[in-house]
Amino acid sequence: MLSQIKSHFSIAFFFLLSIVAVCPVHAEEVVVYSARIEQLIKPMFDAFTKETGIKVKYTTDNEGALLARLEAEGKNTPADMLITADAGNLWAASQAGLLKPVKSEVLESNIPAHLRDPANEWFGLSIRARTLIYNTKKVKPEELSTYEDLADPKWRKRLCLRTSKKVYNQSLVAMMIAEHGEAKTEEIVKGWVANLATDPLSDDTRALEFVAAGKCDVTIVNTYYFGRLMSKDPKLPLAVFWPNQNDGGVHVNISGAGVTRHGRHEAAAIKLLEFLSSDKAQNLFADVNMEYPVNPKIAADPFVAAWGEFKQNPMNLAKAGELQTAAVKLMDRAGYR
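The sections below set out a description of the structure shown in this document.

## Observations regarding the overall build of the chain
Alright, step 1. Helix and strand counts for the chain stand at 14 helices and nine strands.
Alright, step 2. Each of the three principal axes of the chain carries a C-alpha extent, and together these read 105 × 40 × 30 Å.
Alright, step 3. Among the 337 residues that make up the chain, the fraction classed as buried is 51%.
Alright, step 4. Restricting to contacts in the chain with at least 6 residues of sequence separation, those with at least 24 account for 77%.

Here it is as structure tokens:
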């Protein structure tokens, strides 16, 4: 009887071993919610998978929808990482409790302190500079100096701006509040409004087209919009001017990422975040959108580098989120729509 039991046990044991042998081992993976479109992120994810074997699943949508989805899913979210543009959006995700702190010497080494969350819940991965673009037929570069100077009456009917509804301008004004205080910033923004050649425009590309057509002389845009337009038509009478080089520096913002608080693949998400800040990935991440690498050891694409070197404003970008509500209210009071 005992021998029969042993025999049955052996058969069952080997049967279980055979099942384990034929069942595939699930590859490690990381799930990403991204406000950056597929063509801007897929090359980096493919490179990461090739190097590590970790698969990346991703969903793309606008930042508002992704934040709402993360909040609704709560502890049941499949997402391990959030990628979005603008520090204001990353700050909002952090404040909503959607991100968790990440301790990583790699990230601290690769990403300057002012381009990451002081609590290490989000990290910049590429830099976008919001700078001045002018019509070379109507403006001499020596006429330009600072963001604040665009409020001077000498620019009356010469300025174009994108609508205040876009987070890029809200973050710019938020950072100005951090630097100058509300009263002075409101005075500056009122000056901008008084100098507008037309109502605020729908996007940066439209503002650039107005400047190129001579409908206004100068505007404030993210440099990658300038790059896209000039790559299509290099003969346009447009040029970059880096403002505030004798004081605060150029306003910069980021596209960046954080590890979600309730993700199931934290280790893989941190590996992906570290990879995106590395030498191997930084140009991939920045070049596809004509942005600047956040890692200071990595040179910008030659097309972008040709716009010249500039000093960044070193203030921590968390201020763009902390003061965003104040900025929106200020712009409304100043008549900036």
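## Remarks on the environment of E274
Alright, step 1. The topology assignment puts E274 in helix α10 (residues 266-276).
Alright, step 2. Between the alpha carbons of E274 and H251 there is a distance of 25 Å; along the sequence they are 23 residues apart.
Alright, step 3. With residues near it in sequence (within four places) discarded, E274 still touches S104, V106, L107 and N110.

## A look at the nonpolar core
Alright, step 1. L144, L150, W192 and L238 are the most contacted members of the largest nonpolar core, which has 102 residues in total.
Alright, step 2. Not counting residues within four places of it along the chain, the set of residues in contact with L144 comprises L132, Y134, V139, L150, W155, V218 and F241.

## A closer look at the environment of L82
Alright, step 1. Looking at where L82 falls in the secondary structure, it is placed in strand β3 (residues 81-85).
Alright, step 2. For the pair L82 and N283, spaced 201 residues apart in sequence, the C-alpha to C-alpha distance is 20 Å.
Alright, step 3. With near-sequence residues (within four places) excluded, L82 lies in contact with Y33, L66, L67, L70, A93, L99, G256, A257, G258 and T260.

## Overview of the packing of aromatic side chains
Alright, step 1. Within the structure shown, the criterion is met by seven aromatic pairs.
Alright, step 2. Measuring from ring centre to ring centre gives 5.4 Å for F226 and W307, while their planes differ by 75°; the resulting arrangement is edge-to-face. Here W307 lies in the loop between α12 (302-305) and α13 (318-322) and F226 lies in helix α9 (residues 223-232), a separation of 81 residues in the sequence.
Alright, step 3. The residue whose ring lies beneath K166 is Y168, and the NZ or CZ to ring-centre distance is 4.7 Å.
Alright, step 4. Looking at R228, its charged tip hangs above the ring of Y225, at a distance of 5.1 Å from the centre.

## Quick look at the state of the cysteines
Alright, step 1. Enumeration over the complete set of coordinates arrives at one disulfide.
Alright, step 2. Disulfide pairing is shown between C160 and C216; the S-S distance is 2.0 Å. Taking the sign of the S-S torsion, about -110° here, the bridge from C160 to C216 comes out left-handed. Separated by 56 residues along the polypeptide, C160 in strand β5 (residues 159-160) and C216 in the loop between α8 (204-212) and β6 (218-222) bring together distant segments of the chain. The same class applies to C160 as to C216, namely buried.

## Some points on the pairing of strand β2 (residues 55-60)
Alright, step 1. Of the pairings in the sheet, the one linking strand β1 (residues 29-34) to β2 comprises six bridges and is parallel in character. Looking across to β2, one finds that S34 is bridged to T60.
Alright, step 2. What joins β1 to β2 is helix α2 (residues 38-52), and the crossover it makes is right-handed.

## Remarks on the side chain of D204
Alright, step 1. Checked against the element boundaries, D204 lands in helix α8.
Alright, step 2. Overall, the relative accessible area of 0% leaves D204 in the buried class.
Alright, step 3. Once residues within four sequence positions are removed from consideration, D204 is found in contact with R130, R162, I220, V221, N222 and Y225.

## Regarding helix α6 (residues 167-180)
Alright, step 1. The terminal C-alpha atoms of α6 lie 20 Å apart, and with 14 residues this matches the ideal 20 Å at 1.5 Å per residue to within 8%.
Alright, step 2. With respect to burial, α6 is a largely interior element, 11 of its 14 residues being buried.
Alright, step 3. Phi turns positive one or two residues past the end of α6, at G181, with a value near 90°.

## Focus on the environment of Q245
Alright, step 1. Summarising the element assignment, Q245 is placed in the loop between β7 (238-241) and β8 (251-259).
Alright, step 2. A relative accessible area of 28% means that Q245 is categorised as partly exposed.
Alright, step 3. Along the primary structure Q245 and K140 are separated by 105 residues, whereas in three dimensions their C-alpha atoms are 17 Å apart.
Alright, step 4. In this structure Q245 touches V250, F310 and K311, once residues within four positions along its chain are discounted.
Alright, step 5. A distance of 3.0 Å separates the side chain of Q245 from the backbone oxygen of P243, its partner in a polar contact.
Alright, step 6. One polar contact links the side chain of Q245 to the main-chain amide nitrogen of K311, over a distance of 2.7 Å.

## Details of the pairing of strand β4 (residues 123-135)
Alright, step 1. Most of β4 is tucked away, with 13 of its 13 residues classed as buried.
Alright, step 2. Pairing of β4 with β8 involves seven bridges; the strand directions are antiparallel. Within β8, the residue paired with S126 across the bridge is S255.
Alright, step 3. Two strands pair when backbone bridges link them, and β4 and strand β9 (residues 292-293) are joined in this way by two bridges, in the antiparallel orientation. Its bridge partner lying in β9, S126 is registered against P293.

## Here we look at helix α11 (residues 279-287)
Alright, step 1. Every buried residue belonging to α11 is among A281, Q282, F285 and A286, and all of these are buried. Looking straight down α11, one finds that the buried residues subtend no more than 120° of arc, so they occupy a single side.
Alright, step 2. Contacts made by the buried residues of α11 are with α2, β4, β8, α10 and β9.

Rules used throughout
- Residues numbered from 1 in each chain as written.
- Predicted model: local features only at pLDDT ≥ 70, side-chain atom pairs only at ≥ 80, totals over all residues.
- Heavy atoms only, no water.
- Helix = DSSP H or I, 4+ residues; strand = E, 2+ residues; numbered from the N terminus.
- Buried < 20%, exposed > 50% of the residue type's maximum accessible area, 1.4 Å probe, protein only.
- Contact = heavy atoms within 4.5 Å.
- Core = buried A, V, L, I, M, F, W, Y, C linked by side-chain atoms within 4.5 Å.
- Phe/Tyr/Trp six-rings, centres within 6.5 Å; stacked < 30°, edge-to-face > 60°.
- Lys NZ or Arg CZ within 6 Å of the ring centre and 35° of its normal.
- Disulfide = S-S within 2.5 Å.
- Pairing = 2+ DSSP bridges.
- Right-handed = clockwise from strand over helix to strand, strands pointing away.
- Expected span 1.5 Å × (residues − 1).
- Polar contact = N/O pair within 3.5 Å; in protein donor to acceptor, adjacent residues only side chain to side chain.
- Arc of directions from axis to C-beta.

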